[in-house]
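# Structure assessment
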Amino acid sequence: MNEVGNISINVQGGGSSAGARAALSGVAEVGMLSRDLHGDEKTLIPTIIAYDAIALIVHPSNPCDNLDIVEIKSIFAEEITSWSEVGGKARKIHVVAREEGSGTRSAFDEIIMGITEVTPGAIVQDSNGAVREIVAGDPSAIGYLSLGLVDKRVKAIAVQSVLPSIDTVANNTYKLVRPMILATREGPGREVMDFISFCLGEWAQAILAREGLVPVTSVAPGGPPEPGHRDPEPAHGNPGLEHGSLKPGHDGLEPGPDN
Amino acid sequence: MRRGETLVQWSLAIVALSAIAVLALIIIFIFKEGSPIIARLGMVQFITGTKWSPTRGMFGILPMIVGSVWVTLGALLIGVPIGLATAIFLAEMAPSGTSQILKSAIQLLAGIPSVVFGFIGLVILVPLIRQWLGGPGFSVLAAGIVLGIMILPTIVSVCYDVLKAVPQAYREGMLALGATRWQTIKMVVLPAARPGIIAAVILGMGRAVGETMAVIMVAGNATRIPVSPLEPVRTLTSNIALEMGYAVGEHREALFATGIVLFIIIALLNTLARLVARVEKV
Amino acid sequence: MTDRRVTLLFASITGLTVIILVVIIGYVMVNGLPGLTLPFLLESPREMGRTGGVFPAIVGTVLLTGIALIIAAPVGILTAVYLTEYTRDTWLPKIVRFGTESLAGIPSIIFGLFGFLFFVIYLDLGWSVLSGALTLSAMILPTIVRTSEEAIRAVPDAYREVSLALGSTRWQTVTSVVLPSAKPGIMTGVMLAIGRAIGETAAVIFTAGSSLRLPRTLLDSTRTLPVHFYILAREGISLENAYSTAAVLILLILAINIAAYTIMDRLAKKES
C-alpha cells in the first residue's frame, strides 16, 4: 500500500497476462504489463508510462563489443558456438537466459529469436541479478537483462552498432526495447485518471528514470520504438522491473536493487 | 472417570490423525492442480517428452528426471563412501573420546541450512570447476558435490548408530579367531550392518532428490539432458522453484505436475526404505 | 591391507569430512563476522538489502518459527502420547504412523507448493506470516512426533505402574508422570525441529513471500533470514550483507543445536 494524495493503491503480483486479465475482469482498476496488448486485451486502453531497454551483457574482458541481431539469434540458438566467430577469442560461448514465463525472456524471444528457440543447453536463471552474477564471473558468458541493472562488473554491448542508453531508446535507434503499460477499461474513474496522470507527471517519471527505465516523456515524437513482433505467441511479461515486483511477495512498490 | 478416559482417548486419536490429514491435503491439492495437464498430455508423454518449452506448449520433463537422477547419483557417489568411511572410523577405530567429539561436531553441522551449502558451492566450487575442468562451472558435478557434502552428516550419524548396534560379541568372536580389526570390520561388522547402511543411503537419496535451493544455485538449470558431468542440468525440484514466479495457465499446471512426479518418486523411495527396514527385522 | 594402513586411510577420510564442514562454517564466519554488528541486527535493510541491517528478517524468522512451534509442538506431542500410551495394535495407530513417516520424507518444495495452494490461495491468507508458519508446522510435525515418541517410550514402565496402582487414571499418569520424565527428550526434539524450521527456504519463499517490511499483522508478507540470504547472495545484491546474514543464521542454528544436544547428553548421562 502506498499513499498518493488520498488514494491508496494495492499492488498485486503476477505476470503481464495476469495484469491484463485482472483489468479485463474488473478485479483491478489498472493492469500493469511489460509488453503490448494481445488479442482480447486490445479492448483495454493502454497508457505507456515508460520504456525498458534489454541490454546484452558479456564479461568486461571480452573483446566483443558489438553484435547484430542475426548474430545474437545464432548465439542463443547455439548455431554460433565460439566467440572467435563474432570477433572474440577462441572460446566456447556460455549462453545465459532467463526462465520461461519471465517478462524479460518473452521480450527477448519476441524481438530477437522470433520462431527460433533458445537452445535448451542455455544456463537458466530466475532473476536479472543472478544472470549478471554469472556473466560477471565467466569470461565466456553472454546474457541479457534490464538496462537499469547493468553495473560495472559486466559490459553491455552494442546491438546493430547502437549501445543501449536512455538516449538511444529515446531516439528509437536501440532495438531491444519493451513498453511498460498501464491498461484500463473504458471510462476509468476519477481516481484511476488521477493515478495515470500521476504516473505521467514529472515526479513519477523522475522515479522511473531513477529505476533505470526510460521515461515516456523523453522519447522522441513520432511514436514509440517499434520492436519487431515476429513471434505470434502471446508473451507472459510482467509489469515494471520484475526485479522489485513480482517474485512471490516482493512488494510491488519497493524499488529494485541496482537502480 | 471411565467416560473421561474414553473422551481423552478419542480426542487424542483425532489430534493424532492430523498428520494423515495433512498428508491427504497435500496429495489432494497438488494432484488437483497438476493432474489436468497430465490427463491431457498423458503421463507417458509428460515423463518421456524431452522438450520443455512451456510458452510454446511443450511439456516434457525427461531432462529434469534424468537431471535429478544424475545429480542424486553424484551426491551418493561422493557422500556415501566418505560418510561410511567416517562412520567406520568413528565407530570402530577412533578412541572413544575423539570419536565422541568428532561425532557431535559432524552432527551439529547437519543443521547448516542448505542455502549456505549452495552458496559456498556457488562462490568456491563453480569457479574452480570452470577454471580447472572447463565448461561453465554450473554443472552436474557442482550439484553432485554440493549435495554429497550436504548429506554427509546424515550418512555419518545413521551409519554410526547402525555400526554401534552390531553386537560386540560378533567382533570378539572374530578377533579371538585371530582376525585383524580390518578383517573383522570387513567380514562381520559391515555385513551385519548392511540393511541399516542401505537405509542410510536411501535416506540420503531422499534428501538429495528433494533439495531445491542449493541445486538451483549451482546446477545451471539448462533443460537439455546432460551428456557430461561438466554440463549444466535441471532437476525436478529446481524446475518448480525456478519458474513458479511468473507461470500462468498450462505452464503453472505443468509445474504442479512436476511436483506430482517428484511426489511419486519420493513415495517409491519411502516404500523401498520401509521394505529394507522389514528385511532387516527378519 | 594392514590394520595400520586402513586405520590411517579411514582417519584421513574422517579428517576430510571434518575439514570440509569446518571450512564451510569458517568461510562464512570469516567473511560474515566483520559485518555482524549491533546496528546490522537492529536496523531495517535499505536498497533491498544492499545496505542496512536484517531486523525485519530476524522478526520474520522468529515469528514464523514461533507460531509453527505453537501449532506443531502440542499436536506432535499429543500424537506421540496417543501412539505410545493409548493404542494397542489396531489400524488407527498404523495409519497415524504411516502418515507421520510419509510426511517426514516429503521434500520441502512440495510443502511449499502445498502451502501456496492451500493457505495462500484456498484459505486466502495470502503470502503471509500465518501461511508460512502453518506450512512450517506441517513440515516439522513428523520430527516432533518421532523424537517425542522415543522420549516417551524411554520412560520406564514401572513409573506408570506405580501411578496407576495409586489410583490415577491413564491421562493423569501421562500428565503427572510420563510427560515430566520425558521432558528433556521431548525438548531435544522440539529444538531440532526449530533448527530445521529456521533454516528452511523453499517452503517459506512460496508461502510467506519475501517482503522486506516489518510485518505488522500475521497477514503481512515477510522474509526470513535464509530467504533474505538466498536473495542477497543469488542476485548479487550485496555479498558482504549476504555473508553477515548467513553468519547470523548459522550462529542461531548452532546455538539451538548445541542446546538440544546438551540436553540430550545430560539425559544420556543420567540414564547411565
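Keep in mind it's a predicted model, so treat the numbers as computed, not measured. (Residues numbered from 1 in each chain as written. Chains lettered and ligands numbered in written order. Predicted model: local features only at pLDDT ≥ 70, side-chain atom pairs only at ≥ 80, totals over all residues. Heavy atoms only, no water.)

## Quick notes on the confidence of the model for chain C
Chain-level statistics for chain C give a pLDDT mean of 90 and a share of 98% at 70 or above. Confidence metrics for the complex model read pTM 0.88 and ipTM 0.92. (pLDDT = per-residue confidence, 0-100.)

## Things to note about the side chain of Ser140(A)
Residues and elements named next belong to chain A. Note that Ser140 resides in the loop between α4 (128-137) and β8 (141-146). By relative accessible area, Ser140 is classed as buried at 7%. If we ignore the near neighbours within four places in the chain, the residues touching Ser140 are Trp83, Arg91, Lys92, Ile93 and His94. (Helix = DSSP H or I, 4+ residues; strand = E, 2+ residues; numbered from the N terminus. Buried < 20%, exposed > 50% of the residue type's maximum accessible area, 1.4 Å probe, protein only. Contact = heavy atoms within 4.5 Å.)

## What to know about the interface of chain B and chain C
Contacts between the two partners involve 65 residues from chain B and, on the opposite side, 71 residues from chain C. Taken together, the two surfaces of chain B and chain C that pack against each other cover about 6,500 Å², and 82% of this comes from carbon and sulfur. Three residues, Leu12(B), Leu108(B) and Phe119(B), lead the burial of chain B against chain C; their summed loss comes to 9% of the area buried on that side. Counting across the chain B and chain C interface gives 1 salt bridge. The greatest single-element share of the side of chain B that touches chain C, amounting to 10 residues, is contributed by helix α2 (residues 18-41) of chain B. Along the lines of polarity and charge, the residues of the side of chain B that touches chain C split into 49 nonpolar, 11 polar and 5 charged. (Buried area = accessible area lost by both parts, 1.4 Å probe. Salt bridge = Lys/Arg side-chain N within 4 Å of Asp/Glu carboxyl O. Nonpolar A, V, L, I, M, F, W, Y, C, P; charged D, E, K, R; others polar.)

## Remarks on the pattern of salt bridges
All told, the structure shown has 23 salt bridges over all chains when counted by the stated rule. Of the charged contacts in the structure, one is a salt bridge between Arg132(A) and Glu133(A), with a shortest N-O distance of 3.8 Å. For Glu133(A), a relative accessible area of 22% translates into the label partly exposed. Here Arg40(B) ties to Glu250(B) by a salt bridge, and the two come within 3.2 Å at their closest N and O atoms.

## So, the nonpolar core
Core analysis: the largest hydrophobic core is formed by 198 residues, its most contacted members being Ile26(B) and Val116(B). With 16 residues, helix α7 (residues 140-164) of chain B is the largest single contributor of residues to this core. In contact with Val116(B), not counting residues within four places along its chain, are Ile24(C), Val28(C), Phe229(C), Ala246(C) and Ile250(C). Membership of the second largest hydrophobic core comes to 39 residues, among which are Tyr51(A), Ala107(A), Tyr144(A) and Val177(A). (Core = buried A, V, L, I, M, F, W, Y, C linked by side-chain atoms within 4.5 Å.)

## Some thoughts on the packing of aromatic side chains
Applying the stated rule across the entire model yields 18 aromatic pairs over all chains. Ring geometry for Phe76(A) against Tyr144(A): centres 5.7 Å apart, planes inclined by 50°, an arrangement best described as tilted. Placement of Phe76(A) in helix α2 (residues 69-76) and of Tyr144(A) in strand β8 is noted, with a sequence separation of 68 residues between them. Like Tyr144(A), Phe76(A) is buried. Ring geometry for Phe29(B) and Tyr122(C): centres 5.1 Å apart, planes at 70°, overall edge-to-face. (Phe/Tyr/Trp six-rings, centres within 6.5 Å; stacked < 30°, edge-to-face > 60°.)

## Digging into α2(B)
When the terminal C-alpha atoms of α2(B) are compared, their 34 Å separation across 24 residues agrees well with the 34 Å that a helix rising 1.5 Å per residue should span. A bend of about 40° at Gly34(B) is the largest found in α2(B), and the proline Pro36(B) appears one to four places after it. (Expected span 1.5 Å × (residues − 1). Bend = angle between axes of the 7 residues up to and from the residue.)

## A short note on the pairing of strand β10 (residues 177-184) of chain A
Residue and element names in this part refer to chain A. Among the 8 residues of β10, 8 are classified as buried, and the element is accordingly described as predominantly covered. Every second residue of β10 is oriented toward a common face, with Val177, Pro179, Ile181 and Ala183 on one face and Arg178, Met180, Leu182 and Thr184 on the other, all of them buried. Bridge count between strand β3 (residues 30-33) and β10: 4 bridges; the pairing is antiparallel. Across the sheet, Met32 pairs through a bridge with Leu182, a residue of β10. Taken together, the 8 bridges between strand β4 (residues 45-58) and β10 define a ladder with antiparallel strand orientation. Paired with Ile48 across the two strands is Ile181, which belongs to β10. (Pairing = 2+ DSSP bridges.)

## Section: unusual backbone geometry
Located in the positive-phi region is Glu78(A), a residue other than glycine, with phi close to 65°. The residue Glu78(A) is located in the loop between α2 and β6 (94-98) in this model. Residue Glu78(A) is classed as partly exposed on the basis of its relative accessible area, which comes to 27%. Unlike most non-glycine residues, Asn221(B) shows phi in positive territory, near 60°. One can find Asn221(B) in the loop between α10 (213-219) and α11 (236-243).

## Some points on the environment of Ile145(B)
Within the secondary structure, Ile145(B) sits in helix α7. When neighbours within four sequence positions are excluded, Ile145(B) is seen to be in contact with Ile78(B) and Leu125(B).

## Examining the packing of helix α5 (residues 108-122) of chain C against helix α6 (residues 129-153) of chain C
Residue and element names in this part refer to chain C. At a closest axis distance of 9 Å, the pairing of α5 and α6 adopts a crossing angle of 135°. As the angle between them shows, α5 and α6 are arranged oblique. The chirality of how α5 crosses α6 is right-handed. Counted together, Ser108, Phe111, Gly112, Gly115, Phe119 and Val120 of α5 and Ser131, Leu134, Thr135, Ala138 and Met139 of α6 form the full contact between these two elements. Split into classes, the residues belonging to the contact of α5 with α6 amount to 6 nonpolar, 5 polar and no charged. (Axes fitted to C-alpha atoms, helices over the stretch in contact; angles between N-to-C directions. Parallel < 35°, antiparallel > 145°, perpendicular 65-115°, else oblique. Left-handed = near helix turned anticlockwise from the far one by under 90°.)

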